[in-house]
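# Working through the structure, step by step
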Amino acid sequence: MSPTNQPPRQSRADRRPRPTSARRVAFDVLRAVQVDDAYANLLLPTRIRRAGLSARDAAFATELTYGSIRMLGRYDAIVGVASGRRLDNIESDVLDVMRLGVHQLLGMRTPTHAAVSATVELAREVGARRATGFVNAVLRKVAAKTDDEWDALVTEGRSGDALLATRWSHPSWVVAALRDALAAERSRDELAALLAADNVAPRVQLVALPGLATDEDVRTATAGDADDEAAPLGPGTVTQDDDGADDGAGTDDDTGTEPPVRIPEADAGPVSPLGIRGTTGDPARVPGVAAGRLRVQDEGSQLAALALTRSSAVRPGERWLDMCAGPGGKAALLAAEAAQGRATLVANELVPARAGLVRKALSTVVGADTVTVVEGDGRRFGKPGDELFDRILLDAPCTGLGALRRRPEARWRKQPEDVPELAALQAELLDAAVRALAPGGTLAYVTCSPHLAETRGQVDALLERHGDVLEQLDTAGVVRSVAARDPQVADGPTVQLWPHRIGTDAMFVALLRRRA
């Protein structure tokens, strides 16, 4: 063959591996969540950095990943109708590709041509070439109907919790648990608003550690980032009213057709006196965060810790205990508060790797004279002869149903069978906390779950066991006195925070004091 007839040689640039796209990053994380029980919030940032995505593409990959996982139940119902197949007859990798495609069409409002063609190409890229025609046909059927039309199709014949579970993409048992928790506050009519709020991508919230953070830290944290983009809107995404009003209103429509949901995060001020809202872009790039004077922390967690530290004046020399300190967010705030009041803190964590995270979180906060990190089972505290503590935070292991916005896969992993085992552990930790509590000392029992078996039920059972030595405090009054604005909590000795009211995780807090 003469040189003129030879095929052109590939340039070196042509032979380079194709850059990883935002959609491929989202697919890889979704597969890891499904197959390897990975945690999206831990894996996704690593994959984004490895792929070298731009800020715009990183934002796209983040919304595509989290949104697809949050709405997985709803999207599966839509794929089932659009394909005419049972989901177990669709190969798992192909199903994941289509979940991503449906979210682009219905959850991100990506133009139909771009969403369909890019998703078909993704199927080809991940080795599902055999299914590209099927993916194309299903996604075009999805694109042919509005979200309201799909809602009518996938909820047809359903009622009650089953309807809500499909519409708002929650397992039915979670819907029932949240309904019961709201009913305990006579707020059952807010259920649809709560379910909708669980599907909203949470905004970054920071804590300004007392004694460390400066006014300049706070100012630069909210100065904005030119590369940041607002999260896309879609089904289950709820926006604020124009005036940012936050009255916690519910709806009389128990099926949640048009819940008047209000998510005040963007416009309303912080509910924590140490909270910062309005940070955009990567929080790690905020100077105060990089220096350890500010930390990423949900304001519900901030209020839970401050309810303990500010429930009464701190006496110099007090000993505090964080029984389950990992990964260290609340411990850092407790340590900063302890330093301000000249108290000392013991931060305990069972898992060595998480104990390492606690040490890292505390490394920039205070010195060794204020805080000690120890490793071991929290149930060991309070043995005869052990030193007692004046304030104890028990942020107990729980189902995490109060943080479904931040941990999108949790709603699909947790099962009702998990609750009794967790409740038994919580009870044992509570008993140890009571044994370790000094006369006149205060215990804060905290969970990131509103499930009644983990919250009010635990407190009631604790008082049955230890009512002779414990008294309940006015937790609602304490939280209101600590908060920067109305936390919208019910009166009483326990507090349940709600994302649809104040834009925080659904933290539960109960304050109890050991009689002197």
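What this report covers is the structure whose coordinates are included nearby. Remember, it's a predicted structure, so these values are computed and weren't measured experimentally.

A few words on the side chain of glutamate 409. Within the secondary structure layout, glutamate 409 lies in the loop between strand E7 (389-395) and helix H17 (410-413). Here glutamate 409 is buried and forms no salt bridge, its nearest opposite-charge partner arginine 413 lying at an N-O distance of 4.6 Å. Side-chain polar atoms of glutamate 409 contact the backbone nitrogen of alanine 40, separated by 3.4 Å. The residues contacting glutamate 409, other than those within four sequence positions of it, are Val33, Ala38, Tyr39, Ala40 and Ile69.

Let's shift gears to the packing of aromatic side chains. Under the definition given, this model contains two aromatic pairs. Where phenylalanine 381 meets phenylalanine 389, the ring centres are 6.2 Å apart and the plane angle is 80°; that geometry is what we call edge-to-face. As far as burial versus exposure is concerned, phenylalanine 381 and phenylalanine 389 are alike and both buried. Pairing tyrosine 445 with phenylalanine 508 gives two aromatic rings, centres 6.2 Å apart and planes at 70°, and the pair type is edge-to-face. With tyrosine 445 in strand E8 (residues 437-447) and phenylalanine 508 in strand E11 (residues 508-514), this pair connects stretches of sequence that are 63 residues apart. Given a relative accessible area of 0%, tyrosine 445 falls into the buried group. Phenylalanine 508 sits in the buried class, given a relative accessible area of 2%. When the ring centre of tryptophan 150 is taken as origin, the NZ or CZ atom of lysine 145, which lies over that ring, is 5.5 Å away.

This brings us to the packing of helix H1 (residues 22-36) against helix H2 (residues 40-51). Think of two packed helices as two axes; the pair is described by the angle between the axes and how far apart they sit. In the contact formed by H1 and H2, the axes pass within 10 Å of each other and the chain directions differ by 150°. Our classification of the angle between H1 and H2 gives roughly antiparallel. Along this stretch, H1 crosses H2, giving a crossing that reads as right-handed. Along its contact with H1, which presents Val25, Asp28, Val29, Ala32 and Val33, the element H2 presents Ala40, Leu43, Leu44, Arg47, Ile48 and Ala51. Split by residue class, the contact of H1 with H2 holds nine nonpolar, no polar and two charged.

Below, the discussion takes up the nonpolar core. Residues Leu53, Val94, Met98, Val135 and Val142 are the most contacted members of the largest nonpolar core, which totals 50 residues. At the level of secondary structure, the elements contributing two or more residues to this core comprise H1, H2, helix H3 (55-70), helix H4 (72-83), helix H5 (92-107), helix H6 (112-125), helix H7 (132-143) and helix H8 (147-155). Beyond its immediate chain neighbours, meaning those up to four positions away, valine 135 contacts Val94, Val97, Met98, Thr119, Val120 and Ala123. Membership of the second largest hydrophobic core comes to 47 residues, among which are Leu209, Ala325, Ala347 and Leu362.

On to the state of the cysteines. Taken as a whole, this structure holds zero disulfides when the rule is applied. The thiol of cysteine 398 is unpaired, and the distance to the nearest cysteine sulfur, on cysteine 448, comes to 5.6 Å. We classify cysteine 398 as buried; its relative accessible area is 16%.

Proximity of charged atoms lets side chains of opposite charge pair with each other. Tallied over the entire structure, the rule returns 36 salt bridges. The closest approach of N and O atoms between aspartate 96 and arginine 31, which form a salt bridge, is 2.8 Å. Of this pair, aspartate 96 sits in helix H5 while arginine 31 is found in helix H1, placing the two residues 65 residues apart along the sequence. A relative accessible area of 19% means that arginine 31 is categorised as buried. Arginine 219 is the salt-bridge partner of glutamate 216, the closest N and O atoms lying 2.7 Å from each other. Placement of both glutamate 216 and arginine 219 in helix H12 (residues 215-221) is noted, with a separation of three residues, approximately one turn of the helix. Assessed through its relative accessible area of 43%, glutamate 216 is described here as partly exposed.

All right, on to the sheet that holds strand E3 (residues 294-296) then. Reading across the sheet, the three strands line up as E2-E1-E3 and stay open at both edges, with antiparallel pairing between neighbours. Looking along the sheet, the strands with just one partner apiece sit at the ends: strand E2 (275-277) and E3. This sheet shows a mean twist of 35° between the axes of neighbouring strands, independent of strand direction. In this sheet, E3 lies alongside strand E1 (residues 205-208) in antiparallel orientation, the contact comprising three bridges. Following the sheet pairing, leucine 206 is matched in E3 by valine 296.

For helix H20 (residues 475-482), the full list of buried residues reads Thr475, Ala476, Val478, Val479 and Val482. Buried residues of H20 fall within an arc of 160° about the axis and therefore sit on the same side. As for H20, its buried residues are in contact with helix H14 (299-309), strand E10 (494-496) and E11.

A separate point is the pairing of E1. Taking every second residue as pointing to the same face, both faces of E1 are buried, with Gln205 and Val207 on one and Leu206 and Ala208 on the other. Bridge count between E1 and E2: three bridges; the pairing is antiparallel. Residue pairing across strands places valine 207 opposite glycine 275, the latter belonging to E2.

As enumerated under the stated definition, the model contains one cavity of 30 Å³ or more in all. Estimates place the volume of the largest cavity at around 90 Å³. Along the lines of polarity and charge, the residues of the lining of the largest cavity split into seven nonpolar, three polar and two charged.

Looking now at the packing of H8 against helix H9 (residues 160-168). Where H8 contacts H9, the axes come no closer than 10 Å and their chain directions differ by 140°. Read as a crossing pair, H8 and H9 show a hand that is right-handed. Residues Asp151, Val154 and Thr155 of H8 form the contact with H9, whose own contacting residues are Leu163, Thr166 and Arg167. The residue makeup of the contact of H8 with H9, split by class, is two nonpolar, two polar and two charged.

What counts, and where the lines are drawn
- Residues numbered from 1 in each chain as written.
- Predicted model: local features only at pLDDT ≥ 70, side-chain atom pairs only at ≥ 80, totals over all residues.
- Heavy atoms only, no water.
- Helix = DSSP H or I, 4+ residues; strand = E, 2+ residues; numbered from the N terminus.
- Buried < 20%, exposed > 50% of the residue type's maximum accessible area, 1.4 Å probe, protein only.
- Lys, Arg positive; Asp, Glu negative; His and termini not counted.
- Salt bridge = Lys/Arg side-chain N within 4 Å of Asp/Glu carboxyl O.
- Polar contact = N/O pair within 3.5 Å; in protein donor to acceptor, adjacent residues only side chain to side chain.
- Contact = heavy atoms within 4.5 Å.
- Phe/Tyr/Trp six-rings, centres within 6.5 Å; stacked < 30°, edge-to-face > 60°.
- Lys NZ or Arg CZ within 6 Å of the ring centre and 35° of its normal.
- Axes fitted to C-alpha atoms, helices over the stretch in contact; angles between N-to-C directions.
- Parallel < 35°, antiparallel > 145°, perpendicular 65-115°, else oblique.
- Left-handed = near helix turned anticlockwise from the far one by under 90°.
- Nonpolar A, V, L, I, M, F, W, Y, C, P; charged D, E, K, R; others polar.
- Core = buried A, V, L, I, M, F, W, Y, C linked by side-chain atoms within 4.5 Å.
- Disulfide = S-S within 2.5 Å.
- Pairing = 2+ DSSP bridges.
- Arc of directions from axis to C-beta.
- 1 Å grid on protein atoms, 1.4 Å probe; cavity = no way out; pocket = protein on both sides within 12 Å on 5 of 7 lines; lining within 4 Å.
- Points joined across faces, edges and corners; volume = space filled by probe spheres on them.

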